[in-house]
Amino acid sequence: MVNEAKQLDTLLKENRVFHPDPAFTKQANFNDPDIYERAAKDPEGYWAEQAKHITWFKPYDKVLEWNPPHAKWFLGGKLNAAYNCVDRHRQGPRKNKAAIIWESENGDSKVFTYEMLGREVDKAAHMLKNLGVKKGDRVAVYLPMVPELPIALLACAKIGAIHTVVFAGFSSKALRDRIDDSDAKLLITADAGWRRGSQVPLKAYADEALEGSSVEKVLVVRIVGEASGAKMVAGRDLYWHEEIEKASKEPFPAEEMDAEDILYLLYTSGTTGKPKGIVHTTGGYMVGVNTSLRSVFDLKEEDIFWCTADIGWVTGHTYLVYGPLSAGATVVIYEGAPDYPERDRFWKIVEKYGVTIFYTAPTLIRTFMKWGPSYIEKHDLSSLRLLATVGEPINPEAWMWFHKYVGREKTPIVDTWWQTETGCAMIAPLPGLTPTKPGSATKPLPGILVDVVDDDGRTVENGGGNLVIKHPWPSMLRTIWGDDERFRNTYFGKFPEWYLPGDAAHRDEDGYIWILGRIDDVINVSGHRIGTMEVESALVSHPSVAEAAVIGRSDDVKGQAITAFVILKEGNEPSAAMTAELKETVVEQIGKLARPEEIIYTAELPKTRSGKIMRRLLRDIAEGRVLGDTTTLTDPPVIEELKRLYQDKED
Ligand code: PRX
């Protein structure tokens, strides 16, 4: 708690308040202040109202059935997510509206109108059917941010197949784990991807992952071509462009899905070494994500919506695909790095396409701060009317900088707290109604009943505790794929009727929520969730490692950086080569995003008498803090030794 106390201290000195501009409020979709109270009194009524924005093939019979921890929403309703995202817009005035504006790192761009997107999705749906994919089958997708990625997702949704996207920065091993757990029969990948002008050999990674797996067929999107050196395996691998050519050009009739049929699985980290397959279903998810576009993002017909996340994460699923497209928006998708070829790439994109809503992560804002405002000042950003952040707490300084330089002190900023499990934003301002305080995600959205409670479940009116959500909401996860027991224990183990997100929070005297970070062994590196156990398992898989303990220490840009404390097996010596090898092992097992920033070798790790590693103490050491209570340690001198080792490393 030392860390949190320090952080809290800084946060609570924050007393700036920004009131919505009356002109913004006047035009806002959500501008009736009574909405909070009405929704709190009757959440089901509120969600039923929102469900009218979704097209149902058959109306639902009942809004909610709640048998904790299992919720069912919109029971008996039939719908299709792809129909809602594409087809219904093809039939009206949005037919020729840009649905996706895609730009690649090398400057290529493509625009898909709703009609064009619809045709591509239909062809892809026929192609998947031709390959034997059926309703309920799992399709793994391992692609960079090319247009085929959203098209693949929507095609799966159209035929009722369950997609599971694996972020293209994950390693072969991580891909294999997800394929095995989901029992996918098809993999969609690419020959290679581009990153800062270099190739990323995705197909080679996929080949490694596939040996002996459940996957029967592989569809390969050709991005690089010959130069990728990708090898096609006869009888298993097929090129996307060849198969789609063969597919029928006829409209594909959308599969009628039950509201509770699974739309997708998305893996995320937890406290054990094994990632969890979060299960999202069709009806509730679509209602939730569509609502948040209209409420939090105040989406209007003429908006150009850009979310900088990768579709490999939930933010990309919800705010590049299902949310904005279901609402008929124009979405910008950028495949590339923010500093390629120059550090003004993002602002160039904003100016070029007239982006009006810009959604990004605090870690990127801190990177822009480091680079200085000159890259921004070169561009006309006057099209922007709303800014948003997600992924980790935003420090007030970064908020102010975003406000000043990107928002030109005019646009509202919505800090959105949510998770892979929640499906869409949960705690965030309504930009026309909620005064904002830099660093606070403000208040739960209408229909979301959040509380801060102590370990006995007692409400903490003004102070810190566990964040809980006390009433189900439509886009909540339904279970963990293949492991309902883990679902129950993880999220409902502490309080059987309330959802426990695993975050600590502070509520101030105005009822504002300040998220403090995780209460479990999950760390947040640049807005990406990484389980300490996953990194530890990767390290101990190396033949020279006896034991490892991993912690996240504060980092000015990434939020948290990974520090690993490692005990080598007898006969092994620490060296720069060993460090490089161990870091590489983590990259191979998980991906670059989990590479430890530093490795500290030690002969022992601080443990409690019951044998648990005291990560809190390791964090204190790594952050150079006065140590907290060490009386429960089996061997207190271990700490002094570790402190010395850590300081030596810094000299
Ligand atoms: O700790 C919270 C943090 O990110 C976690 C969820 O991570 P993930 O499932 O990968 O989803 C990230 C994007 C939705 C949360 O438990 N987090 C996310 N958004 C915020 C945040 N912490 C503080 N403020 C936020 N706005």
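Considerations on the overall build of the protein
- A tally of helices and strands in the protein yields 21 helices and 29 strands.
- For 651 residues, the compact-globule formula gives about 26 Å, and the C-alpha radius of gyration of the protein, at 24 Å, lands near that figure.
- Overall size of the protein, expressed as C-alpha extent along the three principal axes, is 70 × 60 × 55 Å.
- Contacts spanning at least 24 positions in sequence make up 71% of the contacts within the protein whose residues lie at least 6 apart.
- Accessible area for the protein stands at about 24800 Å²; split by element, carbon and sulfur atoms hold 50% of it.
- Taking the 79 positively charged and 95 negatively charged side chains of the protein as two groups, their mean positions are separated by 3 Å.

Topic: the sheet that holds strand 12 (residues 237-239)
- Here seven strands make up an open sheet; going across it, the order is 12-11-8-6-7-14-15 and the pairing mixed. Edge positions in the open sheet fall to strand 12 and strand 15 (276-281), since each of these has one partner strand only. Going from strand to strand, the sheet's axes swing by 25° on average, the running direction of each strand aside.

A closer look at the packing of aromatic side chains
- Within this structure, the stated rule accounts for 37 aromatic pairs.
- Arranged with centres 6.4 Å apart and planes meeting at 85°, the rings of Trp 306 and Tyr 334 form a pair that is edge-to-face. Separated by 28 residues along the polypeptide, Trp 306 in strand 16 (residues 304-307) and Tyr 334 in strand 17 (residues 330-335) bring together distant segments of the chain. Here Trp 306 and Tyr 334 have matching classes, each one buried.
- With centroids separated by 5.2 Å and ring planes inclined at 75°, the aromatic side chains of Trp 473 and Tyr 499 adopt a geometry described as edge-to-face. Here Trp 473 is found in the loop between strand 22 (463-469) and helix 17 (484-492), whereas its partner Tyr 499 is found in the loop between helix 17 and strand 23 (503-507), with 26 residues between them in sequence. For the pair Trp 473 and Tyr 499, a shared accessibility class is recorded, and that class is buried.
- One aromatic cluster is present, built from ring pairs that chain together Trp 306, Tyr 334, Phe 346, Trp 347, Phe 358, Phe 368, Trp 371 and Phe 402.

Observations concerning the sheet that holds strand 22
- Taken together, four strands build an open sheet; the order of strands is 21-22-23-24 and the sheet is antiparallel. Looking at strand neighbours, the two that pair on one side only are strand 21 (450-453) and strand 24 (513-518), the edges of this open sheet. With strand direction ignored, the average angle separating the axes of adjacent strands in the sheet is 40°.
- Pairing between strand 22 and strand 23: four bridges, direction antiparallel.

Side note on the site of the ligand
- The local shell around the ligand holds 17 residues, among which Asp 415, Thr 416, Thr 420, Arg 518 and Arg 529 are the closest.
- Measuring from a nitrogen atom of the ligand, one finds a backbone N or O atom of Glu 392 at 3.3 Å.
- The contact in question runs from a nitrogen atom of the ligand to an N or O atom on the side chain of Asp 415, over 2.7 Å.
- Burial of the ligand by the surrounding chains reaches 95%, relative to a free accessible area of 540 Å².
- Where the shell around the ligand is concerned, the elements lending two or more residues are helix 12 (314-326), strand 20 (413-416) and strand 24.

Regarding helix 20 (residues 615-622)
- Taking burial as the measure, the eight residues of helix 20 include six buried ones, the bulk of the element.
- Those residues of helix 20 lying buried are Arg 615, Leu 617, Leu 618, Asp 620, Ile 621 and Ala 622.
- One or two positions beyond helix 20, positive phi appears at Gly 624, with a value near 65°.

So, the pattern of salt bridges
- Counting across every chain of the model gives 54 salt bridges.
- Close ionic contact of Arg 507 with Asp 451 constitutes a salt bridge, the shortest N to O distance being 2.6 Å. With Arg 507 in strand 23 and Asp 451 in strand 21, this pair connects stretches of sequence that are 56 residues apart.
- Taking the relative accessible area as the measure of exposure, Asp 451 reaches 7% and is therefore buried.

What counts as what
- Residues numbered from 1 in each chain as written.
- Predicted model: local features only at pLDDT ≥ 70, side-chain atom pairs only at ≥ 80, totals over all residues.
- Heavy atoms only, no water.
- Helix = DSSP H or I, 4+ residues; strand = E, 2+ residues; numbered from the N terminus.
- Rg over C-alpha atoms; globule rule 2.2 N^0.38 Å.
- Contact = heavy atoms within 4.5 Å.
- Areas by Shrake-Rupley, 256 points an atom, 1.4 Å probe, with all protein chains shown as cover.
- Lys, Arg positive; Asp, Glu negative; His and termini not counted.
- Charge placed at Lys NZ, Arg CZ, Asp CG, Glu CD.
- Pairing = 2+ DSSP bridges.
- Axes fitted to C-alpha atoms, helices over the stretch in contact; angles between N-to-C directions.
- Phe/Tyr/Trp six-rings, centres within 6.5 Å; stacked < 30°, edge-to-face > 60°.
- Buried < 20%, exposed > 50% of the residue type's maximum accessible area, 1.4 Å probe, protein only.
- Near = heavy atom within 4 Å.
- Polar contact = N/O pair within 3.5 Å; in protein donor to acceptor, adjacent residues only side chain to side chain.
- Salt bridge = Lys/Arg side-chain N within 4 Å of Asp/Glu carboxyl O.

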